[in-house]
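# Structure at a glance
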Amino acid sequence: MIRWPAILLLFGFVLLTLGCSESSDKTSFAGLATNQPLQGGAAFLQPGPGDRLTFPADLGPHPQHRIEWWYLTANLKTANGQPVGVQWTQFRQALQPRPADERPPSASLWPLQAAWMAHAALSWNGEHYFTEKLARGDVGSAGATAAPFSVWLDNWQLEEQPAHQSAAEQWRLQVASADWSYDLMLTINGPPVAHGDHGFSAKSASGEGSMYFSLTDIAIEGQVTIHGKPLRVSGQGWFDREWSSQFLKKGQQGWDWFALHLDSGDKLMAFRLREDKGVFQSGTWIPKAGKPVALAGKDFALTPQAGNDDIPRNWHLQVPDYDIDIHVSAPTGDYWNNGLYPYWESPVTVSGSHGGVGYMELTGH
């Protein structure tokens, strides 16, 4: 889902790297929500309702757009059934647009058309581990390709694997921090799910938005290592891919996002953006059999439940047309991703009309 504050952080990193500053009108949400380049040259492209997804190209970078990210969450279990949560995200923030068919400048020129940031988290046994990395673009430290699919920042990498006996595509995700790591094999089952209008996902009533699709049926096996202790894990994952050239509108304070695997085999994505006057919300119902259905704000109710924390850990989610009346709850523990811009990222469990698991991201609380 949309991670504008993290992108804003990366924008600040770009400016610091350049050794320059921008006036306050250009660093406000209103200023950043334009499609003008930060430096001279052609304008950034901005997605709109008429745009369509193209595969495998859209797995790769979009240098004519200002912001994009690749994002995986996974609900896993150890051999003895203990839950393990995994999150990995890589962001690209462009300083200058570049045509998609144009070769990047030589690394020997030390270019800065884009900067990259990666976040990784591991949740296990009531503990939450998080770290982040930053890198300059176009000098080999970080990047992405569509075919073969690969996204990397230093020694963190998500890479397509050679074809094997199964017809399903496989990716390998490797992340290592000082005290923990994971090495996971992802088997991609099922086609991409386009959110919104054939992949264009509106983020406000006035129509601003992004291109957004997900891979919602991913079987995962591998190993996590925590303080030197290796654990074999398996489970299911959810992969998001999103790009745009616009940030949050002025008056939008943050969002609440959910990706849920229900025990029925159905899946559900829902988010709401909190605004000065109410909320804007959208979602996608992904049935076990049949085509995904875009959900408008009127099609579902997403309500935080009272609690003792500043963070709404428990939610009530209703989708009447599909007999969904569920409670979504984060486990006990602190699931803040305490990087330069803190936000909440936790596994969740589902109860009520359906059981299940998933992930929840909350910002701006």
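As a reminder, the structure under discussion sits directly above these lines.
Residues numbered from 1 in each chain as written. Predicted model: local features only at pLDDT ≥ 70, side-chain atom pairs only at ≥ 80, totals over all residues. Heavy atoms only, no water.

Another aspect to go through is the overall build of the chain. Helices and strands together make up the secondary structure of the chain, namely 3 helices and 23 strands. Sorting the 365 residues of the chain into buried and exposed places 52% on the buried side. Partitioning the intrachain contacts of the chain with sequence separation of at least 6 by distance along the chain shows that 57% fall at a separation of at least 24. Carbon and sulfur atoms form 51% of the exposed surface of the chain, whose accessible area is close to 15300 Å². (Helix = DSSP H or I, 4+ residues; strand = E, 2+ residues; numbered from the N terminus. Buried < 20%, exposed > 50% of the residue type's maximum accessible area, 1.4 Å probe, protein only. Contact = heavy atoms within 4.5 Å. Areas by Shrake-Rupley, 256 points an atom, 1.4 Å probe, with all protein chains shown as cover.)

Mapped onto the elements, D58 comes out in the loop between α3 (29-32) and β1 (67-78). One buried charge, D58, has no salt-bridge partner; the nearest side chain with opposite charge is R241, at 6.8 Å. With sequence-adjacent residues up to four places away left out, D58 is seen in contact with R52, L53, F213, R241 and W243. (Lys, Arg positive; Asp, Glu negative; His and termini not counted. Salt bridge = Lys/Arg side-chain N within 4 Å of Asp/Glu carboxyl O.)

Two descriptors summarise a pair of aromatic rings, namely the distance from one centre to the other and the angle between the planes of the rings. Counted by the stated rule, this structure contains 12 aromatic pairs. Ring plane angle 90 degrees and centroid distance 6.0 Å describe the contact between W336 and W344, whose orientation is recorded as edge-to-face. The exposure class of W336 is partly exposed, given its relative accessible area of 26%. For W344, a relative accessible area of 2% gives the class buried. Counting every residue linked through ring pairs, the aromatic cluster contains F55, F213 and W243. Over the ring of W70 we find R241, and its NZ or CZ is 3.9 Å from the ring centre. (Phe/Tyr/Trp six-rings, centres within 6.5 Å; stacked < 30°, edge-to-face > 60°. Lys NZ or Arg CZ within 6 Å of the ring centre and 35° of its normal.)

A word on the nonpolar core. Judged by nonpolar contacts, the single largest core of 43 residues is most densely connected at W88, L122, W171, Y182, L186 and F239. Sequence-distant contacts of L186, defined by excluding residues within four places in its chain, comprise L72, L158, E169, Q170, W171, L173, I218, A219 and I220. Counting residues in hydrophobic clusters, the runner-up holds 23 residues, among them L302, L317, V328 and V348. (Core = buried A, V, L, I, M, F, W, Y, C linked by side-chain atoms within 4.5 Å.)

We now examine unusual backbone geometry. Put simply, F55 and P56 share a cis peptide bond, and its omega is 5 degrees. If you trace the backbone, P56 turns up in the loop between α3 and β1. A cis geometry characterises the amide bond from A147 onward to P148, with omega recorded as -5 degrees. Mapped onto the fold, P148 is located in the loop between β5 (142-145) and β6 (150-153).

The next thing to look at is the side chain of H128. Inspection of the secondary structure assignment puts H128 in strand β4 (residues 127-136). Within the local environment of H128, its side chain forms a polar contact with the side chain of S123, the two groups lying 2.7 Å apart. Only 2.8 Å separates the side chain of H128 from the side chain of N337, close enough to count as a polar contact. For H128, the contacting residues outside a window of four places in its chain are A121, L122, S123, D334, Y335, W336, N337 and E345. (Polar contact = N/O pair within 3.5 Å; in protein donor to acceptor, adjacent residues only side chain to side chain.)

As a further point, take the pairing of strand β14 (residues 252-262). Among the 11 residues that make up β14, 10 are buried, leaving the element largely enclosed by the rest of the structure. In the sheet, β14 pairs with strand β15 (residues 267-275) via 9 bridges, with the strands oriented antiparallel. Residue F258 lies in a different strand from β15, and its bridge partner there is A270. Counting the residues in the hairpin turn of β14 and β15 gives 4 residues, including G265, whose phi is positive at 95 degrees. Taken together, the 7 bridges between β14 and strand β23 (residues 356-362) define a ladder with antiparallel strand orientation. The residue of β23 that forms the bridge with W257 is E361. (Pairing = 2+ DSSP bridges.)

A word on the pattern of salt bridges. Tallied over the full model, the rule gives 8 salt bridges. Its salt-bridge partner being D299, residue K298 comes within 3.3 Å of it at the nearest N-O pair. Looking at K298, the relative accessible area reads 75%, which means it is exposed. Sharing partners across several salt bridges, the network here consists of E68, R92 and R241.

For the rest of this paragraph, the subject is the environment of A146. On the secondary structure map, A146 appears in the loop between β5 and β6. The spacing of A146 and D58 is 88 residues in sequence and 7.1 Å in space, taken between C-alpha atoms.

Let us look at the environment of L268. Inspection of the secondary structure puts L268 in strand β15. With near-sequence residues (within four places) excluded, L268 lies in contact with W238, F258, A259, L260, T284, W285, L295, L317 and V319.

Take P49: it is sitting in the loop between α3 and β1. Note: C-alpha distance between P49 and D197 (148 residues apart in sequence) is 6.3 Å. Those residues in contact with P49 that lie beyond four places of it in its chain are D197 and F200.

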